[in-house]
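Reading the structure
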Amino acid sequence: DHNNIYVGFQAGAYYQQIKNMILTIPTKNLFVWSVQNIGKNEVRGFDVIGSFSLKLSKNWSTQLTGNYTYQQSLDISDPKSPSYKNQVAYNPLHTINSDLTINFKQLGLRLSSFNCSERYALNQNIPSNRIEGFTTYDLSLFNRFQLDQNNSIRLQLSIKNISNESYAFVKSYVMPGRHLLFTFTYAFL
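Since this is a predicted model, take the numbers as computed values, not measurements. (Residues numbered from 1 in each chain as written. Predicted model: local features only at pLDDT ≥ 70, side-chain atom pairs only at ≥ 80, totals over all residues. Heavy atoms only, no water.)

Observations concerning the packing of aromatic side chains
How two aromatic rings sit relative to each other is given by the distance of their centres and the angle of their planes. The condition that has to hold: Side-chain rings of Phe, Tyr and Trp, where Trp is taken by its six-membered ring, are said to pair if the distance between their centres is within 6.5 Å; with planes under 30 degrees apart they count as stacked, over 60 as edge-to-face, and otherwise as tilted. Numbering of helices and strands runs from the N terminus; a helix is a DSSP stretch of H or I covering at least four residues, while a strand is a stretch of E covering at least two. Residue exposure (1.4 Å probe, protein chains only): buried if accessible area is under 20% of the type maximum, exposed if over 50%, otherwise partly exposed. Geometrically, a charge over a ring is one whose NZ (Lys) or CZ (Arg) sits within 6 Å of the ring centre while staying within 35 degrees of the ring normal.
If you walk through the whole model with that rule in mind, you get nine aromatic pairs. Seen from their ring centres, Phe46 and Tyr70 are 5.6 Å apart, and the 25 degrees between their planes marks the pair as stacked. Of this pair, Phe46 sits in strand β2 (residues 32-55) while Tyr70 is found in strand β3 (residues 60-75), placing the two residues 24 residues apart along the sequence. Overall, the relative accessible area of 33% leaves Phe46 in the partly exposed class. It is Arg154 that lies over the ring of Phe142; its NZ or CZ is 4.4 Å from the centre.

Here's the deal with the pairing of β2
Rule in force here: A pair of strands is treated as paired once DSSP finds two or more bridges between them.
Judged from the 15 bridges that link them, β2 and β3 form a sheet pairing that is antiparallel. What sits directly across from Ile49, in β3, is Asn67. The hairpin formed by β2 and β3 contains four residues between the paired strands.

Some points on the environment of Asn91
Test applied: Between two residues, a contact is recorded if the distance between any of their heavy atoms is within 4.5 Å.
Inspection of the secondary structure puts Asn91 in the loop between β3 and β4 (94-104). Residue classification places Asn91 among the buried residues on the basis of a relative accessible area of 18%. Sequence spacing of Asn91 and Tyr167 is 76 residues, and the spatial spacing of their C-alpha atoms is 15 Å. With residues near it in sequence (within four places) discarded, Asn91 still touches Gln71, Ser73 and Arg119.

Comments concerning unusual backbone geometry
One non-glycine residue with positive phi stands out, namely Asn20, at about 55 degrees. Relative to the assigned elements, Asn20 resides in strand β1 (residues 5-29). Even without glycine at this site, Lys85 takes up a positive phi of about 60 degrees.

Details of the nonpolar core
What counts, and what does not: Note on terminology: a nonpolar core comprises buried Ala, Val, Leu, Ile, Met, Phe, Trp, Tyr and Cys residues joined through side-chain atoms within 4.5 Å.
Residues Met21, Leu23, Ile25, Ile38, Val88, Ala89, Tyr90, Ala121, Ile131 and Val170 constitute the largest nonpolar core, which totals 10 residues. Counting residues per element, this core draws most heavily on β1, at three residues. For Ala121, the residues in contact, after removing those within four places along its chain, are Ile25, Ala89, Tyr90, Asn129, Ile131 and Lys171.

Considerations on a nonpolar patch on the surface
The line we're drawing: Each patch groups residues whose relative accessible area exceeds 30% and which form no salt bridge, using 9 Å between like charges and 5 Å between nonpolar side chains of Val, Leu, Ile, Met, Phe, Trp and Tyr. Where accessible areas are quoted, they stem from the Shrake-Rupley method and a 1.4 Å probe; at the residue level, only the protein chains shown are allowed to cover. Basic side-chain nitrogens of Lys or Arg form a salt bridge, by our definition, when they fall within 4 Å of a carboxyl oxygen of Asp or Glu.
A grouping of Phe145, Leu147, Leu157, Ile159, Leu180, Phe182, Phe184, Tyr186 and Phe188 is seen on the molecular surface, where their side chains present a nonpolar patch of about 960 Å² in accessible area. Of all the elements in the fold, those that place two or more residues in the nonpolar patch are β9 (151-160) and β12 (179-188). Sorting elements by how many residues they give to the nonpolar patch places β12 first, with five residues. Residue placement: Phe188 occurs in strand β12. Accessibility expressed as a relative area gives 60% for Phe188, which makes it exposed.

Below, the structure written as structure tokens:
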């Protein structure tokens, strides 16, 4: 039955030129940040989002979603600068998110992944400023309980970074390895 299947696709592209872009980045450590003015910044990119869902029966369904972003953010301030036409600090060129969810009634199981390409800690894209790209996976079990017509509770237990990947968003600040997260959400109208 075609009513039990949903396929969605979205795409968008963009181009910007920004004057006096203000960028704040950590310099000496996580507690000392530096503010920079990038005189001219050129940004071009695109996003692609795909989704697929399938209702298998009255109680069972599954969803798959994916999102890819390409973003080139270049410092075009001064052709004589060593950072000219280099990717702006901490801006990855590629990011990918995906989720696979299986639902049984109000109970669900979700596997999520996040992939971030290499970045640079400073605007000069040289090996000593390079921050490695990474991929992480999270696994979540969740359930929603309808208390009455206007109130519900959602409980979720997640194993974050199940592959125990060593990674950093900010240079030299390693994010947590495998860990648990419990979430309690109360919704009312």
